[in-house]
2 protein chains.
Amino acid sequence: MTKKNITAHCAVDYAFKRIGGKYKGRILWVIRDGFMRYGELKRAIVGISPKMLTQTLRELEADELVSRKVYLEVPPRVEYSLTSTGEELIPFIKQLRSWGEKKMSQN
Amino acid sequence: MTKKNITAHCAVDYAFKRIGGKYKGRILWVIRDGFMRYGELKRAIVGISPKMLTQTLRELEADELVSRKVYLEVPPRVEYSLTSTGEELIPFIKQLRSWGEKKMSQN
DNA sequence: CAGGATCCAATCTGATACTG
DNA sequence: CAGTATCAGATTGGATCCTG
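Residues numbered from 1 in each chain as written. Chains lettered and ligands numbered in written order. Predicted model: local features only at pLDDT ≥ 70, side-chain atom pairs only at ≥ 80, totals over all residues. Heavy atoms only, no water.

Chain A is annotated in an unreviewed UniProt entry as Transcriptional regulator, HxlR family of Lutibacter flavus.

In structure tokens form, the structure reads like this:
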């Protein structure tokens, strides 16, 4: 789901559609500090398959939450970083993460 | 997905699993102000089927984000409200909603 | 290194009809 | 009013193998 395909009933619906999905939150969160290479992301997002990582990154890119920079080197190097729109989401994810930490420790 | 079934890789993952899903955010948001009856929710969440509304409410209840109160009257009356854990999520949803509003107007 | 391609199983969602 | 039940279709995700 990318923003071009979203038909939302309200802003909450819209926002959840843009950052929902199994891995989008985690990916945005691990990219928060700067440039991450594909392989770094792969190691950081434990359990993700290359297919899902690539697919989700492509959606985030089409959505302009993440930008992708390809270096013409051998071996190839590709770096991902947040766009300014993506960075705007980090405070919310941080808040949600704190909530999650608290709840996990309570159960 | 309810919290009992969640096996999360990190707190972000955990939190998204608890509030992810097509309607959870919207439902929490419309219940934010107090008690809502089933029929009110049905009208407020445009496009939801009774099946999905019931199913999602049951998950939110099992997750202790929403509480359900049945009044033994004829005709039946059932009211839903946020638990304190559910209320803790409202600031997050509110912020995310503002972000969504801004982005919707930009496209 | 950073992916693309394919196939398939599991999950989720919608539509419709019915009920205490 | 506040749900259930059933079936079918759509979507998502995982496993595996391949490549510039």
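What follows picks up the thread again.
For the rest of this paragraph, the subject is the interface of chain A and chain B. At the interface, 33 residues of chain A touch 34 residues of chain B. Interface area, chain A with chain B, both sides summed: about 3300 Å², of which 74% is carbon and sulfur. In this structure, the connection of chain A to chain B is made through 6 salt bridges. Ionic pairing is found between Glu 88 of chain A and Lys 103 of chain B, a salt bridge with its closest N-O pair at 3.5 Å. (Contact = heavy atoms within 4.5 Å. Buried area = accessible area lost by both parts, 1.4 Å probe. Salt bridge = Lys/Arg side-chain N within 4 Å of Asp/Glu carboxyl O.)

Among the 9 residues of helix H1 (residues 11-19) of chain B, 9 are classified as buried, and the element is accordingly described as predominantly covered. Looking at H1 of chain B, one finds that the buried residues are Ala 11, Val 12, Asp 13, Tyr 14, Ala 15, Phe 16, Lys 17, Arg 18 and Ile 19 of chain B. (Buried < 20%, exposed > 50% of the residue type's maximum accessible area, 1.4 Å probe, protein only. Helix = DSSP H or I, 4+ residues; strand = E, 2+ residues; numbered from the N terminus.)

For the rest of this paragraph, the subject is the protein's contact with DNA strand D. In the region of DNA strand D, 17 residues are neighbours, and Lys 22 and Lys 51 of chain A together with Arg 37, Arg 68 and Tyr 80 of chain B sit closest. At the protein interface, 67% of the atoms of DNA strand D within 4 Å belong to sugar or phosphate. Between Arg 37 of chain B and DNA strand D, the recorded distance is 2.8 Å, taken from a side-chain N or O atom to a phosphate oxygen. Between Val 78 of chain B and DNA strand D, the recorded distance is 3.4 Å, taken from a backbone N or O atom to a phosphate oxygen. Those elements that place two or more of their residues in the surface near DNA strand D are helix H4 (50-62) of chain A together with helix H3 (38-44), helix H4 (50-62) and strand S3 (77-82) of chain B. A class-by-class count of the residues in the surface near DNA strand D yields 8 nonpolar, 2 polar and 7 charged. (Near = heavy atom within 4 Å. Polar contact = N/O pair within 3.5 Å; in protein donor to acceptor, adjacent residues only side chain to side chain. Nonpolar A, V, L, I, M, F, W, Y, C, P; charged D, E, K, R; others polar.)

This chain's UniProt record puts "domain: HTH hxlR-type" (unreviewed entry) on residues 10-107 of chain A. Along residues 10-107 of chain A the backbone is 61% helical and 14% strand, and the end-to-end C-alpha distance reaches 33 Å. (UniProt positions renumbered as here; feature names shortened; annotations may be inferred.)

As a further point, take the environment of Val 12 of chain B. Following the sequence through the fold, Val 12 of chain B ends up in helix H1. Looking at Val 12 of chain B, the relative accessible area reads 1%, which means it is buried. When sequence neighbours within four positions are dropped, the list of residues in contact with Val 12 of chain B reads Gly 25, Arg 26, Trp 29, Ile 93 and Arg 97 of chain A.

Turning to the relation of the copies chain A and chain B, a few remarks are in order. Structural alignment of chain A on chain B gives an RMSD of 0.1 Å, achieved by rotating through 180 degrees and translating 0.1 Å along the axis. Each copy turns onto its partner about a two-fold axis. (Least-squares fit on C-alpha atoms with pLDDT ≥ 70 in both.)

Turning our attention to the protein's contact with DNA strand C. Contacts to DNA strand C come from 17 residues, most closely from Arg 37, Arg 68 and Tyr 80 of chain A together with Lys 22 and Lys 51 of chain B. In this structure, a sugar or linking oxygen belonging to DNA strand C sits 3.3 Å away from a main-chain N or O atom of Pro 76 of chain A. Tyr 23 of chain B is positioned with one of its side-chain polar atoms (N or O) 2.9 Å from a phosphate oxygen of DNA strand C. At the level of elements, helix H3 (38-44), H4 and strand S3 (77-82) of chain A together with H4 of chain B are the ones that each hand at least two residues to the surface near DNA strand C. When the residues that make up the surface near DNA strand C are grouped by side-chain class, the tally is 8 nonpolar, 2 polar and 7 charged.

All right, on to the packing of aromatic side chains then. Throughout the structure, instances matching the rule amount to 0 aromatic pairs over all chains. Residue placement shows Arg 77 of chain B over the ring face of Tyr 71 of chain B; its charged tip is 3.9 Å from the ring centre. (Phe/Tyr/Trp six-rings, centres within 6.5 Å; stacked < 30°, edge-to-face > 60°. Lys NZ or Arg CZ within 6 Å of the ring centre and 35° of its normal.)

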